[in-house]
Amino acid sequence: MKNAIRLLSLLLAGILLLGLVACKTDSGNETPTATETPTDTESDSPYADRPDIPTDLDYSGMEFRILARNASDYYSDELWVSEENTKTQVNSAVYGRYKKIEEQYGVTFKLDTRFDENEIQQWVTTAARVADASDVYHLVATHGTRCPVYAVEGFSADWNRLPYVNVGSDWWSQDAQAQWTTLSGSIYMMTGDISYLSVGQAVGQFFNKDLLRSVGLDNPYQLVRDGEWTYENFKLYVAQLSESLNGDDSKNIATDSVAYVTGWWRGPINVIYSAGARWLEVGEDDIKVVGATDHNLTAVFDEYFAMLKSNTIIIQGNYADAWEAFNTKRVGFYDDITLCAKEFSKAGTSFGLLPMPKASKTVEKNYTFANAATNTFMVPVAVLSDEKTTEMTSVVLELLAYYGSKDVLPTYYKEVLTTGSQTDVESVEMMGIIRNSLVYDLGYYYSIGGLSGIGHEMAEELLNKKYGEIGSFATKYTRYADQVSKYLNDWKALD
């Protein structure tokens, strides 16, 4: 049993790099060993690519302090958990990550979650530049759209000045690095495997296996592997499911039955990414607003919203009703953050998880986005005022992300995708693909001028008009594009 568990852990860790799992699983419930210290010596060790951090550094007596908001929807125990609160396998993995860092380098942790978003903003804007190194928060976990503002206002440290942080490593998001690097080469905000919610808050597509089976449809996993999980093929699934679902045509998620349900902050926001585009195109020498017809965007948006007019329910915020409809086999496909797998697992629902469909087979990946409301990470500029503090902060950040990749995320995947005693290994594989296809569009995070909200606006309009005619994407784009270009100058001017 121990060898089987160890093999499963290695394979789950491997999907972070490959997006693939080729193994059988078992129903073991062992939790990670919190005090096990990894070594590089075993050829099959998941720790063979350890960060290049000297082993003789000593930060005994130093404390790594984290400031995180008290918003339970977007903060859990993702960064630190006490030993007495290790109630799940993921808790144990998070605690084990902390213990490894403490034992290797002597640093202890303190997490402060007393404040809401506005109170965190007050601290950042009054103390991030001037706090004493002995009293500064070394990491601020905050709403993603706040971080670009903090950068523009000069409160954020450049991650390139943290000597042991390697943002080019796989445990940091490479899309975030590419999108959030300023024209001068600085990086003032970052995300990656430091938090399992970077994947937990990613939007994916759930499907009810029992419903698909009842109409003779195969699970779509192979279409994803073959690069053919497109909206064209998705619509074929929706059409066949719709023929067998006898709803009341009320468009009320509490009573109706439909093939496809999405939230107006879910599928409609992801349309641009399904086309392989970003609202802001970040280059080495310039940052531009995407063109209305680039990546065939006008057609992609209009075709998606035409699809939403039938066989679909758009929900505003009644996610609990949507979960109930999905669990009671009244919904075939449902867009939501992958964290919702917990709800379906608890209900014993036979479900699968997929990445979002692509607009066409020519798009490289099944791109999706992580909800910007979840935590993005900034380092207060005051951290850089002391050399030892800067060094310690860089060591801890790199190891939090590294052990997050090796220990926490594989455990998280298995925990949220296990129903009863069975782990859905194919959905675990899809979770890895979602993680490797995450988009961190600067235009979505630096939400200026209203452009990034076009999908939401069109969904709201469609819902309010009871699925009647709505304005076109091209019209809405024209209204917002020039505004974004004006506001963008502040970001371009960053050092």
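Above: the structure in question.
What counts as what
- Residues numbered from 1 in each chain as written.
- Predicted model: local features only at pLDDT ≥ 70, side-chain atom pairs only at ≥ 80, totals over all residues.
- Heavy atoms only, no water.
- Buried < 20%, exposed > 50% of the residue type's maximum accessible area, 1.4 Å probe, protein only.
- Helix = DSSP H or I, 4+ residues; strand = E, 2+ residues; numbered from the N terminus.
- Pairing = 2+ DSSP bridges.
- Right-handed = clockwise from strand over helix to strand, strands pointing away.
- Axes fitted to C-alpha atoms, helices over the stretch in contact; angles between N-to-C directions.
- Parallel < 35°, antiparallel > 145°, perpendicular 65-115°, else oblique.
- Left-handed = near helix turned anticlockwise from the far one by under 90°.
- Contact = heavy atoms within 4.5 Å.
- Phe/Tyr/Trp six-rings, centres within 6.5 Å; stacked < 30°, edge-to-face > 60°.
- Lys NZ or Arg CZ within 6 Å of the ring centre and 35° of its normal.

## Describing the pairing of strand β1 (residues 63-68)
Argument step 1. A large share of β1 lies buried, amounting to five of its six residues.
Argument step 2. Pairing geometry for β1 and strand β2 (residues 108-112), over five bridges, is parallel. Within β2, the residue paired with Glu 63 across the bridge is Thr 108.
Argument step 3. Of the crossover connections in this fold, the one passing from β1 over helix α2 (residues 89-105) to the parallel β2 is right-handed.

## Concerning the sheet that holds strand β8 (residues 312-315)
Argument step 1. On the basis of which strands lie adjacent, the open sheet formed by five strands has the order β8-β5-β9-β4-β10 and mixed pairing. Of all strands in the sheet, those with a lone pairing partner are β8 and β10 (351-354), marking the two edges. Averaged over all pairs of adjacent strands, the angle between strand axes in this sheet comes to 20 degrees, irrespective of strand direction.
Argument step 2. Bridge count between strand β5 (residues 258-263) and β8: four bridges; the pairing is parallel.

## What to know about the packing of helix α17 (residues 454-464) against helix α18 (residues 473-487)
Argument step 1. Contact pair α17 / α18: the axes reach a minimum separation of 11 Å and the direction vectors enclose 130 degrees. Regarding the angle of α17 to α18, the classification is oblique. In the packing of α17 onto α18, the handedness of the crossing is right-handed. Only Phe 473, Lys 476, Tyr 477, Arg 479 and Tyr 480 of α18 make contact with α17, whose side of the interface consists of Ile 454, Glu 457, Met 458 and Glu 461.

## Section: the packing of aromatic side chains
Argument step 1. Summed over all chains, the structure comprises 41 aromatic pairs.
Argument step 2. A ring pair is formed by Tyr 231 and Tyr 304, whose centres lie 5.4 Å apart and whose planes are at 65 degrees; its orientation type is edge-to-face. Linking Tyr 231 in helix α9 (residues 231-244) with Tyr 304 in helix α11 (residues 297-308), this pair joins segments that are 73 residues apart in sequence.
Argument step 3. Overall, Tyr 231 belongs to the buried group, its relative accessible area being 8%.
Argument step 4. Between Phe 326 and Tyr 334, the ring centres sit 6.4 Å apart and the planes meet at 40 degrees, which makes this aromatic pair tilted.
Argument step 5. On the basis of relative accessible area, Phe 326 is assigned to the buried category, the value being 0%.
Argument step 6. An aromatic cluster of three or more residues is present, and its members are Phe 207, Tyr 221, Trp 229, Tyr 231, Phe 234, Tyr 237, Tyr 260, Tyr 304, Phe 305 and Phe 333.
Argument step 7. Seen from the ring of Tyr 403, Lys 100 lies directly overhead, with NZ or CZ sitting 5.1 Å from the centre.
Argument step 8. Over the aromatic face of Tyr 467 sits the side chain of Lys 251, whose NZ or CZ is 4.2 Å from the ring centroid.

## Remarks on the sheet that holds strand β3 (residues 139-143)
Argument step 1. Read from one edge of the open sheet, four strands run β2-β1-β3-β12, paired in mixed fashion. In this open sheet, the two edge strands, each paired with only one partner strand, are β2 and β12 (375-378). Strand after strand, the sheet turns through a mean of 25 degrees between neighbouring axes, direction not considered.
Argument step 2. Packed on one face of the sheet, helix α3 (residues 117-127) meets β1, β3 and β12 and runs near 135 degrees to β3.
Argument step 3. Docked against the sheet, helix α14 (residues 387-416) engages β1, β2 and β3, running at close to 65 degrees with respect to β1.

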